[in-house]
Amino acid sequence: MTQAPHSSAAETPDTPRTMLGGLSPAQFMRRYWQKKPLLIRNAFPGFTPFVNRQALFAMAADEVVESRMIVHKASGWTLRHGPFARTVFPPLKQPRWTLLVQGVDLHLDTGRELLERFRFVPDARLDDLMISWASDGGGVGPHFDSYDVFLLQASGQRHWRIGRQKDLSLEPDVPLKILSHFEPEEEHLLNPGDMLYLPPRWAHDGVAVGDDCMTYSIGFRVPQRGGLAGELLQRMADEFDDTTLYRDPDQAATDTPAAMPPALEAFAADALQRLLAERQSLACALGEVMTEPKPKVWFEEPQHDWVPGALTLDRRTRMMYDARHVFINGEGFRAAGADARLMRSLADTRCLGARQVALASPAALALLQDWFEAGWLHCAPTA
């Protein structure tokens, strides 16, 4: 097994990268992101999986790991959700079955390291690393995703067919969202180290060629407008301090008592407008929502005492910032001046050197200690 390839601290958005076929991240984002697919041959030269089949199957047996198994037979498709005992898997030589393990970056440092290579896209959009293992002919059927995805071939071969799909009707009575009338426009056979980028809603069908096909999928978050609005309003409402009571001194007697009073509707609309006018509250709620840990994520308590020094964020920690706040794992903090610069550096690089920590204010040090004790970041124990 090899370590996940890592990026150099000297790389910038204008630095050409092998993983993007010689394009810089700036060029890739401008030319391809959410616009058109890109096939990158030998994106990761000499790449081999950092988790083998046995380890992947063992992960799927863990109840905190999200996993699915898809089997395609002549009788149709079946879908099962993990955790899975090893005995429930079909024989390795049985064709057309797939194991999908989600959120590998939450459970393996090497998975997080691979995800780091894609941080030329904002963290607010980066989601997770999924690993799929498939026997010969295995796949999940022709489908489309609502999000961007990089498909990195880790071992074996996979044959991809892709196309801009206009007819999005799905097969009826199938436990998967499989397109009824898939119309591929391109075909590509990917070998280990090759990678395919697909924008949202590009239909694709990947089929394993031979045994022991493993594909890594780097996926991105796509907040849904209605759902995001609901989460933001709920958080903002919890902090909205306005105790104004509804009054209707001009309400006339009515013979339609079940009718909603227009004045009450206007009162409700005014309440929402006042809530949304709290831009700082909105900014804070957004940061908290976007850094909220995923379900089933928890952090381990440290095994040694806090000692100020070099530190790194835990692989499961989500940390972001805006002009006035820093956000970490669903919590928001006001930050300004040198402390804000320190926290932004931590969020961007996911680590701090001992000299940086030594310059932190007492308030910033207290926060870092709180986060250490919560398991959100780690520092080296003293000798």
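K.L.:
Residue-level account of the packing of helix H7 (residues 337-349) against helix H9 (residues 362-373), with values.
P.N.:
If you want to describe how two helices pack, look at the angle between their axes and the distance between the axes. With their axes 11 Å apart at the nearest point, H7 and H9 run at an angle of 30° to one another. Of the possible angle classes, the one that applies to H7 and H9 is roughly parallel. Between H7, through Asp339, Leu342, Met343 and Leu346, and H9, the contact on the second element is made entirely by Ala364, Leu367, Leu368 and Trp371. Split by residue class, the contact of H7 with H9 holds seven nonpolar, no polar and one charged.

K.L.:
Break down the nonpolar core for me, with residues and values.
P.N.:
Formed by 45 residues in total, the largest nonpolar core has its most connected members in Phe28, Phe118, Phe150 and Tyr216. Non-local contacts of Phe150, meaning those with residues more than four positions away in its chain, are made with Leu20, Phe28, Trp33, Phe118, Phe120, Met195, Leu196, Tyr197, Tyr216, Ser217, Ile218 and Phe220. Ranked by size, the runner-up nonpolar core spans 26 residues in total, among them Phe299, Leu352, Ala364 and Trp376.

K.L.:
How would you summarise empty space enclosed by the protein if you had to cite specific residues and measurements?
P.N.:
Under the counting rule described, the total for this entry stands at one cavity of 30 Å³ or more. In this structure, the largest cavity spans a volume of roughly 200 Å³. In terms of lining residues, the largest cavity is bounded by 17 residues, among which Arg112, Leu126, Asp127, Thr317 and Arg318 are the most central. Sorting the residues of the lining of the largest cavity by element identifies helix H3 (109-116), strand S5 (126-134) and strand S11 (319-321) as the ones contributing at least two each. For the lining of the largest cavity, a count of residues per class yields seven nonpolar, one polar and nine charged.

K.L.:
How would you sum up a nonpolar patch on the surface? Please name residues and give values.
P.N.:
On the surface, a nonpolar cluster with roughly 240 Å² of combined accessible area is contributed by Leu233, Leu272 and Leu276. Mapped onto the elements, Leu272 comes out in helix H5 (residues 262-276). Owing to a relative accessible area of 46%, Leu272 belongs among the partly exposed residues under this scheme.

K.L.:
So what about unusual backbone geometry? Which residues, and what values?
P.N.:
Cis geometry marks the peptide bond from Gly82 to Pro83; its omega dihedral reads 10°. Along the polypeptide, Pro83 turns up in the loop between strand S3 (76-81) and strand S4 (97-101). We note that Asn42 has phi near 55°; this positive angle belongs to a residue other than glycine. With respect to the helices and strands, Asn42 occurs in the loop between strand S1 (38-40) and helix H2 (53-59). With a phi close to 70°, Lys296 is a non-glycine residue in the positive phi region. Structurally, Lys296 is set in the loop between helix H6 (279-290) and strand S10 (311-313). You can call Lys296 exposed: its relative accessible area is 56%.

K.L.:
Can you tell me about the packing of helix H4 (residues 225-239) against H6, naming the residues and giving the values?
P.N.:
Close contact between H4 and H6 brings their axes to 9 Å; oriented N to C, the two are set at 120°. Seen along the crossing, H4 lies across H6 with a hand that is right-handed. Along its contact with H4, which presents Leu228, Glu231, Leu232, Arg235 and Met236, the element H6 presents Ser281, Leu282, Ala285, Leu286, Glu288 and Val289. Taken together, the residues that form the contact of H4 with H6 break down as seven nonpolar, one polar and three charged.

K.L.:
Tell me about the layout of surface pockets, residues and numbers included.
P.N.:
If you add up the space inside the largest pocket, you get close to 1300 Å³. Taken together, 47 residues form the lining of the largest pocket, with Arg68, Gln102, Met130, Asp145 and Tyr147 sitting closest to its centre. Where the lining of the largest pocket is concerned, the elements lending two or more residues are strand S2 (67-73), S4, S5, strand S6 (149-164), strand S9 (202-220), H4 and H6. Per-class residue counts for the lining of the largest pocket are 22 nonpolar, 13 polar and twelve charged. Reported here for the second largest pocket is a volume of approximately 1000 Å³.

Reading guide: rules and limits
Residues numbered from 1 in each chain as written. Predicted model: local features only at pLDDT ≥ 70, side-chain atom pairs only at ≥ 80, totals over all residues. Heavy atoms only, no water. Axes fitted to C-alpha atoms, helices over the stretch in contact; angles between N-to-C directions. Helix = DSSP H or I, 4+ residues; strand = E, 2+ residues; numbered from the N terminus. Parallel < 35°, antiparallel > 145°, perpendicular 65-115°, else oblique. Contact = heavy atoms within 4.5 Å. Nonpolar A, V, L, I, M, F, W, Y, C, P; charged D, E, K, R; others polar. Core = buried A, V, L, I, M, F, W, Y, C linked by side-chain atoms within 4.5 Å. Buried < 20%, exposed > 50% of the residue type's maximum accessible area, 1.4 Å probe, protein only. 1 Å grid on protein atoms, 1.4 Å probe; cavity = no way out; pocket = protein on both sides within 12 Å on 5 of 7 lines; lining within 4 Å. Points joined across faces, edges and corners; volume = space filled by probe spheres on them. Patch = residues over 30% accessible without salt bridge, like charges linked within 9 Å, V, L, I, M, F, W, Y side chains within 5 Å. Areas by Shrake-Rupley, 256 points an atom, 1.4 Å probe, with all protein chains shown as cover. Salt bridge = Lys/Arg side-chain N within 4 Å of Asp/Glu carboxyl O. Left-handed = near helix turned anticlockwise from the far one by under 90°.

The analysis is restricted to geometry; functional conclusions fall outside its scope.
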